[in-house]
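Secondary and tertiary structure notes
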Amino acid sequence: MRIAIIEENTLAAIGLAGIIRQMMPAIDVCLFTEMAELAQAEEEEPFHHFFVSTRALTAGASFFIARGRHTIVLTHGAEVSSVPCDFPTLNVCQSEGQLTRAILRLAEKSHAHAAGHPHASPDHAGQRPAPPHPLPAGSQTPLTPRETQVLRGVVLGQLNKEIADSLGVSTATIISHRKNITEKLHQKSVSGLTIYAVMHGIVRAEEI
């Protein structure tokens, strides 16, 4: 699968590409600064999704309108008001953790739309978010059930003491579990742990 990022701000594009590659290592992420470059690359091999700046959206309006369901517009804060409502947006002026969560929410909305629920929303009609999916049968996870509980607490932003109190164990035990989790998953950042937790059904994107 190929993903294209069309953004004039090189640092923003590189940062976004890094997050996407961390989430999906097998994805081929290509960076562009001009529409002409993207059009040429698209002719050689089509892209599955497009992350585009508002300037690129304007320059290639007909191109992206035809690919509306696969186009995410990159905004910078309040700039979202200038984006046509048909396109989902992603505010790049966020921390790495916030950006990761936003991408995961976009992915969940896309999956809901593909499943025939285009208006699915965790807050629809005032309903509370549904509980997290259980791990799929046979899921390849190296974590024990208790480590999975600890990981869930970490991703939800709980302190070690809060996790310990909820599980009825000592804070030292939680610290030990967290060490084991990071070693098993080869991931120390909260963003990386969040991605793992969402991808394995330990938490839902709307919970974080």
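Should pLDDT be low for a region, the predicted coordinates there are not to be read in detail. Overall, the predicted model of the chain reaches an average pLDDT of 79, with 81% of residues at or above 70. Across the chain, the secondary-structure element scoring lowest on mean pLDDT is helix H5 (residues 96-114), at 73, and the one scoring highest is helix H7 (residues 160-167), at 95. Taken as a whole, residues 117-139 scores under 50 in pLDDT and shows 26 contacts with residues more than four places along the chain or in a different chain.

Before going further, it helps to spend a moment on the packing of aromatic side chains. Going through the model one piece at a time under the given rule, you end up with five aromatic pairs. Members of the aromatic cluster, joined through ring pairs, are Phe32, Phe47, Phe50, Phe63 and Phe64. Over the ring of Phe63 we find Arg67; its NZ or CZ atom is 3.7 Å from the centre of that ring.

The subject of this paragraph is helix H9 (residues 190-199). Within H9, eight of the 10 residues are buried, leaving the element largely enclosed by the surrounding structure. Directly after H9, the chain includes Gly201, whose backbone phi takes a positive value near 75 degrees.

Moving on to the pairing of strand E1 (residues 2-6). With five of five residues buried, E1 lies mostly within the body of the structure. Of the strand pairs in this sheet, E1 and strand E2 (residues 28-32) are connected by five bridges, and their pairing is parallel. In the sheet register, Ile3 faces E2, and the bridge partner there is Val29. The parallel pair E1 and E2, bridged by helix H1 (residues 10-23), forms a crossover whose chirality is right-handed. Two strands pair when backbone bridges link them, and E1 and strand E3 (residues 49-53) are joined in this way by four bridges, in the parallel orientation. Its bridge partner lying in E3, Ile3 is registered against His49.

It is worth spelling out the sheet that holds E3 at this point. Where strands meet in a sheet, backbone hydrogen bonds hold them as pairs that are either parallel or antiparallel. With parallel pairing, five strands are arranged side by side in an open sheet as E2-E1-E3-E4-E5. At either end of the open sheet lies a strand with only one pairing partner, and these are E2 and strand E5 (89-91). Going across the sheet, the axis of each strand differs from the next one's by a mean of 20 degrees, ignoring polarity. Pairing geometry for E3 and strand E4 (residues 71-75), over four bridges, is parallel. Of the residues in E4, the one forming a bridge with Phe51 is Ile72. This element, H1, spans E1, E2, E3, E4 and E5 of the sheet and lies at about 175 degrees to E2.

Here we take up the nonpolar core. One finds Ile5, Leu16, Ile20, Phe51, Leu90 and Leu151 to be the most contacted residues of the largest nonpolar core, which totals 39 residues. Counting only elements with at least two residues in this core, the list comes to E1, H1, E4, H5, helix H6 (145-155), H7, helix H8 (171-185) and H9. Tallying contributions element by element places H1 first for this core, with six residues. Residues within four places of Leu151 in sequence aside, it is in contact with Leu143, Ile181, Leu185, Leu193, Tyr196, Ala197 and Ile202.

Further remarks concern the environment of Val73. Summarising the element assignment, Val73 is placed in strand E4. Judged by relative accessible area, which is 0%, Val73 ranks as buried. Residues Val73 and Ser53, spaced 20 residues apart in sequence, show a C-alpha to C-alpha distance of 5.7 Å.

What follows concerns helix H2 (residues 35-44). Taken together, the buried positions of H2 are occupied by Met35, Leu38, Ala41 and Glu42. The buried residues of H2 occupy an angular sector of 130 degrees when projected down its axis, which confines them to one face. In H2, the exposed residues that point more than 90 degrees away from the buried face are Ala36, Gln40, Glu43 and Glu44. Where the residues of H2 are buried, they touch E1, E2, E3, helix H3 (54-59) and helix H4 (61-65).

What counts and how
Residues numbered from 1 in each chain as written. Predicted model: local features only at pLDDT ≥ 70, side-chain atom pairs only at ≥ 80, totals over all residues. Heavy atoms only, no water. pLDDT = per-residue confidence, 0-100. Helix = DSSP H or I, 4+ residues; strand = E, 2+ residues; numbered from the N terminus. Contact = heavy atoms within 4.5 Å. Phe/Tyr/Trp six-rings, centres within 6.5 Å; stacked < 30°, edge-to-face > 60°. Lys NZ or Arg CZ within 6 Å of the ring centre and 35° of its normal. Buried < 20%, exposed > 50% of the residue type's maximum accessible area, 1.4 Å probe, protein only. Pairing = 2+ DSSP bridges. Right-handed = clockwise from strand over helix to strand, strands pointing away. Axes fitted to C-alpha atoms, helices over the stretch in contact; angles between N-to-C directions. Core = buried A, V, L, I, M, F, W, Y, C linked by side-chain atoms within 4.5 Å. Arc of directions from axis to C-beta.

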